[in-house]
Number of protein chains: 2
Amino acid sequence: MTLTRREVLGAVGIAAGSCALSSCAMEGIGSFQDGIRKPVFPWRYAELDPDITAHKAYSNYKKGHCMYAAFTSVTSQLADKYGEPYRSFPVNMMIYGAGGVAGWGSLCGSINGSAALVGLFVKKEDEIKQLVNELFLWYQQNELPQYVPQKPDLNIKIAKSVSRSVLCHVSCTRWCKVSGHKAYTKAQKERCKRLSADTAKKTVEILNAHFASRFSAARKHNEKTKQCMSCHTKGSELQNTRGKMSCNSCHSSLADEHI
Amino acid sequence: MTLTRREVLGAVGIAAGSCALSSCAMEGIGSFQDGIRKPVFPWRYAELDPDITAHKAYSNYKKGHCMYAAFTSVTSQLADKYGEPYRSFPVNMMIYGAGGVAGWGSLCGSINGSAALVGLFVKKEDEIKQLVNELFLWYQQNELPQYVPQKPDLNIKIAKSVSRSVLCHVSCTRWCKVSGHKAYTKAQKERCKRLSADTAKKTVEILNAHFASRFSAARKHNEKTKQCMSCHTKGSELQNTRGKMSCNSCHSSLADEHI
């Protein structure tokens with residue numbers, strides 16, 4: 001087995017928590033800072049091709065489902081580019097997010113994995129929020145999936161639906177209603193594969209823009225949600241709830257005037 | 001700076017993807033398998049003290065909120081015990097899960113982080129599901145928080161509430177209603193700190209039982225949810241939805257008989 005210089009240097013950083021060779025820091029692999037024990041954080045991002053990323057997510061889905069697909073579509077490219085520490089990240093842990101976490105239908109795994117990527121590459125909390133807001137609003141408001149693979153695992157036309165929610169349960173149910181397909185079918189799985197590809201692509205577009213200092217938030221909450229928030233969320237009169245999910249997706253029967 | 005033998009061996013494993021010394025595998029730190037490039041997965045768990053874990057989650061909350069608190073309550077103890085690869089895990093990425101992911105109020109961060117731990121230590125998907133089911137049902141059905149810190153950051157009595165949901169938005173709103181406190185207050189933060197401690201403790205109890213081969217699922221979905229599932233979920237007649245979240249928490253106005 002042969003090792004590249006980069007791999008050896010990265011490993012020395014991980015071992016010692018310090019670099020005897022100053023070139024270790026210059027490599028910028030994001031392992032350890034010079035002279036101290038603490039790992040460098042956040043990890044270094046590199047501009048990626050959104051279409052290649054979409055393809056990788058689609059392809060990786062079969063190895064670990066939605067969260068794994070979105071997460072590894074990015075980390076695998078950085079592992080190819082930089083080696084460590086990306087190569088050693090225990091990516092299989094991301095299988096837990098499948099089907100809204102272990103099949104619970106809570107947060108869609110593709111955006112859970114994508115938000116985890118944002119957390120890995122972006123340090124400032126207000127910036128994490130801005131980028132995740134954009135991704136989650138895009139997910140809620142757009143007809144998905146858009147991605148059409150060149151070599152589909154299941155070669156059928158996949159209907160598009162607007163989830164109006166970041167929750168797997170709602171997103172899948174709406175797609176079943178629009179498409180006429182049942183849940184837990186090959187067709188639904190194909191839809192979620194393509195959705196994971198779309199989400200990974202969007203995440204990379206957002207991260208590319210952020211690290212090129214050209215990110216600007218393009219999306220807003222729907223009018224109904226803004227109306228709800230004006231009374232119920234942070235800084236409002238009642239301030240009796242938390243969150244940014246679309247309100248009317250669940251609270252559909254609530255009248256405008258209510259006590 | 002001095003290095004322990006374990007740290008040096010672990011680092012060699014990470015560097016080379018193979019161990020020249022067979023003792024590396026015996027150390028079982030979970031870095032790399034002998035002779036191949038692939039990292040060992042899952043990572044090795046060690047039985048932890050649930051009360052110490054609760055305290056660590058409570059204490060770590062201030063550094064990165066709920067998901068970070070739950071996740072690091074376990075990984076920090078394993079890093080103290082084993083060093084690498086636990087020490088190098090980029091735990092700060094878990095800040096993304098705060099407030100149901102970047103404040104979105106979706107999946108509660110404490111159980112997102114705890115489910116991620118299950119994913120890190122457990123390989124088989126059916127086992128991940130069993131353990132997460134137990135954790136999520138416990139979270140939904142119990143009066144929380146139970147944890148009372150010896151030295152509280154905010155020294156007030158914290159009311160308990162039953163979330164009936166795994167979602168931050170619902171969990172927090174219900175607690176606000178029961179306690180009379182507003183959201184985004186010091187009291188609500190103190191509640192979420194203690195809830196993170198409870199969740200971390202429960203996760204370690206579940207993992208301890210699993211790895212001692214004495215785990216058995218104790219909790220079940222409520223009757224209403226079982227009734228809904230009998231028509232709507234996997235293997236049912238309609239099979240038009242996915243998920244295991246408590247149905248009646250959101251679908252509260254649905255009559256037993258509906259078309």
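Residues numbered from 1 in each chain as written. Chains lettered and ligands numbered in written order. Predicted model: local features only at pLDDT ≥ 70, side-chain atom pairs only at ≥ 80, totals over all residues.

As for the domain arrangement of chain A
All names here are of chain A. For chain A, the assigned domains are domain 1 (1-40), domain 2 (50-211) and domain 3 (227-259). The C-alpha-based centres of domain 2 and domain 3 are spaced at 28 Å. Counting residues at the interface gives 6 residues for domain 2 and 4 residues for domain 3. When the residues that make up the side of domain 2 that touches domain 3 are grouped by side-chain class, the tally is 2 nonpolar, 3 polar and 1 charged. (Domains from an automatic or database assignment. Contact = placed C-beta atoms within 7 Å. Nonpolar A, V, L, I, M, F, W, Y, C, P; charged D, E, K, R; others polar.)

Description of the nonpolar core
One finds Tyr 96 and Val 132 of chain A together with Tyr 96 and Val 132 of chain B to be the most contacted residues of the largest nonpolar core, which totals 122 residues. Filtering out sequence-adjacent residues up to four positions away, Tyr 96 of chain A remains in contact with Val 101 and Ala 102 of chain A together with Ala 115, Ala 116, Val 118, Gly 119, Ile 128 and Val 132 of chain B. (Core = buried A, V, L, I, M, F, W, Y, C linked by C-beta atoms within 7 Å. Buried ≥ 20, exposed ≤ 12 C-beta atoms within 10 Å, placed from the backbone.)

Things to note about the packing of helix H5 (residues 125-141) of chain B against helix H7 (residues 186-211) of chain B
Residues and elements named next belong to chain B. Packing of H5 against H7 leaves a shortest axis separation of 10 Å and a crossing angle of 150°. Judged on the interaxial angle alone, H7 and H5 are roughly antiparallel. Crossing of H5 against H7: the hand is right-handed. Facing Leu 131, Glu 134, Leu 135, Trp 138 and Tyr 139 of H5, the residues of H7 in contact are Thr 199, Lys 202, Thr 203, Ile 206 and His 210. The residue inventory of the contact of H5 with H7, partitioned by class, reads 5 nonpolar, 3 polar and 2 charged. (Axes fitted to C-alpha atoms, helices over the stretch in contact; angles between N-to-C directions. Helix = DSSP H or I, 4+ residues; strand = E, 2+ residues; numbered from the N terminus. Parallel < 35°, antiparallel > 145°, perpendicular 65-115°, else oblique. Left-handed = near helix turned anticlockwise from the far one by under 90°.)

Overview of the environment of Gln 140 of chain B
Residues and elements named next belong to chain B. Tracing the sequence through the fold places Gln 140 in helix H5. Counting along the chain gives 82 residues from Gln 140 to Tyr 58, while the straight-line C-alpha distance between them is 20 Å. Excluding anything up to four places from it in sequence, Gln 140 contacts Ser 163, Arg 164, Ser 165, Val 166 and Ser 246.

Side note on the interface of chain B and chain A
By a widely used convention, the size of an interface equals the accessible area lost when the partners come together. Contacts between the two partners involve 62 residues from chain B, matched on the other side by 60 residues from chain A. Of the residues contributing to the side of chain B that touches chain A, the split by class is 36 nonpolar, 18 polar and 8 charged.

As for the confidence of the model for chain A
Low pLDDT marks stretches whose predicted atomic positions should not be read closely. Residues and elements named next belong to chain A. Chain-level statistics for chain A give a pLDDT mean of 88 and a share of 85% at 70 or above. Here residues 1-37 is modelled with pLDDT under 50, and outside its nearest four sequence neighbours on either side it reaches 77 contacts, counting other chains as well. Across the predicted assembly, pTM comes out at 0.88 and ipTM at 0.88. (pLDDT = per-residue confidence, 0-100.)

Observations regarding the relation of the copies chain B and chain A
Structural alignment of chain B on chain A gives an RMSD of 0.0 Å, achieved by rotating through 180° and translating 0.0 Å along the axis. The two molecules are tied by a two-fold rotation axis, judged by turn and shift. It is Leu 107 of chain B whose C-alpha, among those of chain B, lies nearest the rotation axis, at 2.9 Å. When the interface residues of chain B are mapped onto chain A, 97% of them are again interface residues, pointing to one common binding face. (Least-squares fit on C-alpha atoms with pLDDT ≥ 70 in both.)

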